[in-house]
Amino acid sequence: MGFGYGEDMRRRFSEKWDEIEWWVGVWIILILIGSSVRLLREYRLPKVSESFAIESVAYIPTRVMIAKIKLVSDLVPQPVVNKDWLISEREVNYLVGSGNLDEGNMVLYAHRKPKLFGRLHELKNGDSITVTGSGKRVAYYEVFESYSTDAEDLDILKNTQDNVLTLFTCDGWNDRKRWVVRAKRMTDNEELDENMII
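Residues numbered from 1 in each chain as written. Predicted model: local features only at pLDDT ≥ 70, side-chain atom pairs only at ≥ 80, totals over all residues. Heavy atoms only, no water.

A. Fine view of the environment of V64. Tracing the backbone shows V64 in strand β1 (residues 61-66). For V64, a relative accessible area of 0% gives the class buried. In the structure, V64 is positioned 75 residues away from A139 in sequence and 9.7 Å away in space, judged by C-alpha atoms. In this view, V64 contacts L71, V72, S73, L75, V92, L108, I129, T130 and V131; residues no more than four positions away in its chain are not counted. (Helix = DSSP H or I, 4+ residues; strand = E, 2+ residues; numbered from the N terminus. Buried < 20%, exposed > 50% of the residue type's maximum accessible area, 1.4 Å probe, protein only. Contact = heavy atoms within 4.5 Å.)

B. Spatial organisation of the pairing of strand β2 (residues 71-78). Here β1 pairs with β2 via four bridges, running antiparallel. Its bridge partner lying in β2, V64 is registered against S73. Hairpin connection between β1 and β2: a loop of four residues separates the two successive antiparallel strands, and K70 in this loop has a positive phi of roughly 50 degrees. Where β2 meets strand β5 (residues 92-95), four bridges bridge the pair, whose relative direction is parallel. When the bridges of β5 are listed, V76 appears paired with N93. (Pairing = 2+ DSSP bridges.)

C. Summary view of the sheet that holds β5. Reading around the circumference, β1-β2-β5-β6-β9-β10-β8-β7 is the order of the eight strands in this closed barrel, with mixed pairing throughout. The mean angle between the axes of side-by-side strands here comes to 30 degrees, regardless of whether they run parallel or antiparallel. (Axes fitted to C-alpha atoms, helices over the stretch in contact; angles between N-to-C directions.)

D. Examining the pairing of strand β8 (residues 137-150) more closely. As paired strands, strand β7 (residues 128-133) and β8 are joined by six bridges and run antiparallel to one another. Across the sheet, residue T132 finds its bridge partner in β8, namely V138. Turn length for the β7-β8 hairpin, with the two strands adjacent in sequence and antiparallel, is three residues, and the turn residue G135 shows positive phi of about 70 degrees. Two elements, β8 and strand β10 (residues 177-185), share nine bridges in a ladder whose sense is antiparallel. Residue T149 lies in a different strand from β10, and its bridge partner there is R178.

E. Structural context of unusual backbone geometry. One non-glycine residue, K70, adopts positive backbone phi at about 50 degrees. By the element assignment, K70 lies in the loop between β1 and β2. Its identity is not glycine, yet D175 carries a phi of approximately 55 degrees, on the positive side. Here D175 is to be found in the loop between β9 (164-171) and β10. Its relative accessible area of 14% is what places D175 among the buried residues.

F. Region of the structure containing a nonpolar patch on the surface. The grouping of W17, I20, V24, W27, I28, I31 and L32 at the surface amounts to a nonpolar patch, some 710 Å² of accessible area in total. Topologically, I28 is positioned in helix α1 (residues 2-43). (Patch = residues over 30% accessible without salt bridge, like charges linked within 9 Å, V, L, I, M, F, W, Y side chains within 5 Å. Areas by Shrake-Rupley, 256 points an atom, 1.4 Å probe, with all protein chains shown as cover. Salt bridge = Lys/Arg side-chain N within 4 Å of Asp/Glu carboxyl O.)

G. Expanded view of the packing of aromatic side chains. Taken as a whole and assessed by the stated rule, the structure comprises three aromatic pairs. Considering the side-chain rings of W85 and Y109, the 5.0 Å spacing of their centres and the 85 degrees angle between planes classify their relative orientation as edge-to-face. Of the two residues, W85 sits in strand β4 (residues 84-85) while Y109 sits in strand β6 (residues 105-109), which places them 24 residues apart along the sequence. In this structure, W85 and Y109 share a single accessibility class: buried. Taken together, the aromatic side chains of W85, Y109 and F168 make up a single cluster linked through ring pairs. (Phe/Tyr/Trp six-rings, centres within 6.5 Å; stacked < 30°, edge-to-face > 60°.)

H. Seen up close, the pattern of salt bridges. For the structure on display, the rule yields nine salt bridges. For R112, the salt bridge identified is with D175, shortest N-O distance 3.2 Å. You can see R112 sitting in the loop between β6 and β7 and its partner D175 sitting in the loop between β9 and β10, a full 63 residues away along the chain. Of the residues examined, R112 reaches a relative accessible area of 42% and is grouped as partly exposed. A salt bridge links D150 to K177; the nearest nitrogen and oxygen atoms lie 2.8 Å apart. Of this pair, D150 sits in strand β8 while K177 sits in strand β10; the two residues are 27 residues apart in sequence, bridging distant segments of the chain. The class of K177 is partly exposed, set by a relative accessible area of 34%.

Bear in mind that shape data such as this cannot, by itself, settle questions of function.
Below you can see the structure in the form of structure tokens.
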């Protein structure tokens, strides 16, 4: 009788232990899911205020070419939706509502991938960038600054009176910073560098 009682206790303990293991497994999975969601939120591009206008503009850019880093990419117009940035995995993005080929601060952004902005940090002052747009328009830009900044720095998005081009991508450990390149539009009477067009 005592032997049977001991077997019964072992069986009950084994069943309880299986149940405990199951709940521990569920708990670990929930922690991992929560951590993944938190990392994805932190990885997203910086949030912007809802007042940042999403509007149609004339002479929207359609392609960017940077000879120095051997980049040619179509531009995907991307709006900010509910304060979150949309981003293409395969092409450079144009921030809808930023400047265009004729005026303001035109903002382009992309992942730090080899075929996108993976070599953006190689651009130096004086390097050339070509952007084409609707209506077969072509604009030439010359880099005047490049730097690393915090991911939450929204100054890079501010509109300008001068026609400038701002390119940025993720930078730093765990993508907590942004690498920014700024270029000014060249006027028609400025001499064009042969490296501007690929």
